[in-house]
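For reference, the chains in residue letters:
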Amino acid sequence: MKGGNMCPSISKSFLESGTTTLSTRESNRNLIGQLKSENQHVRSNAFRTLLNRQLSEADTPEIIQLSKSEDETIQVEAISLLGATSERKPYVSERLTAILQNPNASLAVRAAAADALIKQTGLSEDAIQEVIDALKNENEDAKLTLITLLGEVLGERAALSKPCLDRIVDDLIEFLQDASCKVRRGAAMALAHLQNQLEDAIPTRVIQILCTLLNDTEPTVKRAAMNTLCKLNCKELEESVVETLLRYLIQTSGDKTIFSLLKRQSKPNLSHKLDALDYSKDVASYLAVQKVPPTIKPPLASPAEAA
């Protein structure tokens, strides 16, 4: 009798499991269908719900079909869902790559494909390379899209290989020299995530070019470079970099962010130089000692006052 009671229990459990799976698939199918709704509210709710679900391979064909829609919003939402699918299938990556490389697709669609490709492949370095190659040499908006993605990649916990990390850093350094101030600012901000990938100090070449941006003609670029310098591990700066920062400290009337950065250095006499920097008395003598060009405007306030 006891053994006979087990079969109905197992059968019930099995049926309940199958019903739940079927119910989930039916629910997903209905939500995917709602992505084509003309009602924006219905469509948005369906997209958000699907994005928070564990989509399976069974849902993928319909989503791929939607990624071919002539409606840009539907395309972008479908592509984003492909990036969230749990199954990492080659045909999904191939579809996303095709969209990314399609010159006739809008930037919004290609940007969604770039983001989805990186996520769907689990930060595959081949995927990162494809995204860089596809967007690097295009217009300002495409570059900004790429910079944002690279910043997010650097911010991930997964460690990148040295060749991949070097390539990303090289590209961001190149963007720091772009004609667009928005691109320069974006690249400086993206590099703030570099410390996440490095246990050691930041490469000198990164620090040096960020320092050159302290003389950028665009204030937002200067501020972005300054903020990034303070977020990175800059405890042992080279003497030439320290001198550059000292000059900038004078130019900015004692910017407290740079003053704090210099205070963290263990250079001989640097702390003494900073403490002895009396802005209210002998500015001319200080500039002469530091060999700062006379064209630099004397500061107006001391670091202590600025702090």
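Because the structure is predicted, anything quoted here is derived from the model rather than measured.

About the criteria used
Residues numbered from 1 in each chain as written. Predicted model: local features only at pLDDT ≥ 70, side-chain atom pairs only at ≥ 80, totals over all residues. Heavy atoms only, no water. Helix = DSSP H or I, 4+ residues; strand = E, 2+ residues; numbered from the N terminus. Buried < 20%, exposed > 50% of the residue type's maximum accessible area, 1.4 Å probe, protein only. Contact = heavy atoms within 4.5 Å. Areas by Shrake-Rupley, 256 points an atom, 1.4 Å probe, with all protein chains shown as cover. Expected span 1.5 Å × (residues − 1). Axes fitted to C-alpha atoms, helices over the stretch in contact; angles between N-to-C directions. Parallel < 35°, antiparallel > 145°, perpendicular 65-115°, else oblique. Nonpolar A, V, L, I, M, F, W, Y, C, P; charged D, E, K, R; others polar. Salt bridge = Lys/Arg side-chain N within 4 Å of Asp/Glu carboxyl O. pLDDT = per-residue confidence, 0-100. Polar contact = N/O pair within 3.5 Å; in protein donor to acceptor, adjacent residues only side chain to side chain. Core = buried A, V, L, I, M, F, W, Y, C linked by side-chain atoms within 4.5 Å.

Helix and strand counts for the chain stand at 17 helices and 0 strands. In the chain, buried positions account for 43% of the 307 residues. The long-range fraction of contacts in the chain, counting pairs at least 24 apart against all pairs at least 6 apart in sequence, stands at 65%. When the accessible surface of the chain is split by element, carbon and sulfur atoms take 50% of a total near 16,600 Å².

A separate point is helix H6 (residues 107-120). If you check H6, its first and last C-alpha atoms are 19 Å apart, about what 14 residues at 1.5 Å a residue would give, namely 20 Å. All buried positions along H6 are accounted for by Val 109, Arg 110, Ala 111, Ala 112, Ala 113, Ala 114, Ala 116, Leu 117, Ile 118 and Gln 120. Looking at the packing, one finds that the buried side of H6 touches helix H4 (72-84), helix H5 (90-100), helix H7 (125-135) and helix H8 (140-155). Among the residues trailing H6, Gly 122 stands out with phi positive, at a value near 65°.

So, on to the packing of helix H10 (residues 181-190) against helix H12 (residues 219-231). The geometry of H10 relative to H12 is characterised by a closest axis approach of 8 Å and an angle of 10° between their N-to-C directions. Put simply, H10 runs roughly parallel to H12. Note on element contacts: H12 touches H10 through Thr 220, Val 221, Ala 224, Ala 225 and Thr 228, opposite Cys 181, Arg 184, Arg 185, Ala 188 and Met 189. Residues belonging to the contact of H10 with H12 are distributed by class as follows: 6 nonpolar, 2 polar and 2 charged.

Attention now moves to the pattern of salt bridges. Summed over the entire model, instances satisfying the criterion amount to 14 salt bridges. Of the charged contacts in the structure, one is a salt bridge between Lys 119 and Asp 115, with a shortest N-O distance of 3.0 Å. Of this pair, Lys 119 and Asp 115 both sit in helix H6, 4 residues apart, roughly one helical turn. We classify Asp 115 as partly exposed; its relative accessible area is 23%. With a shortest N-O distance of 2.8 Å, Asp 171 and Lys 136 are connected by a salt bridge.

Averaged over every residue, the pLDDT of the chain is 79; residues scoring 70 or more account for 71%. Averaged over each element, pLDDT in the chain is lowest for helix H17 (residues 303-306) (44) and highest for H10 (96). For residues 278-287, every residue scores under 50 in pLDDT, and the model assigns this stretch 15 contacts once sequence neighbours within four places are set aside. For the stretch residues 291-307, pLDDT sits under 50, and the model shows 26 contacts to residues farther than four places along the chain or on other chains.

Turning our attention to the side chain of Lys 136. When you line up the elements, Lys 136 lands in the loop between H7 and H8. In terms of polar contacts, Lys 136 uses its side chain to reach the side chain of Glu 174, at 3.1 Å. What Lys 136 contacts, discounting residues up to four positions off in sequence, is Lys 143, Leu 146, Arg 167, Asp 171, Glu 174 and Phe 175.

Mapping Arg 48 onto the fold places it in helix H2 (residues 40-51). Looking at Arg 48, the relative accessible area reads 47%, which means it is partly exposed. Measuring from C-alpha to C-alpha, the distance between Arg 48 and Leu 81 comes to 9.7 Å, with 33 residues separating the pair along the chain.

Moving on, we come to the side chain of Gln 75. Considering the arrangement of structural elements, one finds Gln 75 in helix H4. Given a relative accessible area of 16%, Gln 75 falls into the buried group. With near-sequence residues (within four places) excluded, Gln 75 lies in contact with Leu 66, Ser 67, Lys 68, Ser 69 and Val 109.

Moving on to the nonpolar core. Counting residues in hydrophobic clusters, the biggest one holds 76 residues, and the most contacted among them are Ile 128, Val 131, Ile 168, Leu 172, Leu 194, Val 206 and Leu 210. Filtering out sequence-adjacent residues up to four positions away, Val 131 remains in contact with Leu 100, Ala 114, Leu 117, Ile 118, Leu 146 and Leu 149.

Attention now moves to the environment of Leu 246. Along the chain, Leu 246 turns up in helix H13 (residues 239-251). Taking C-alpha positions, Leu 246 is 8.0 Å from Leu 262, a pair spaced 16 residues apart along the chain.

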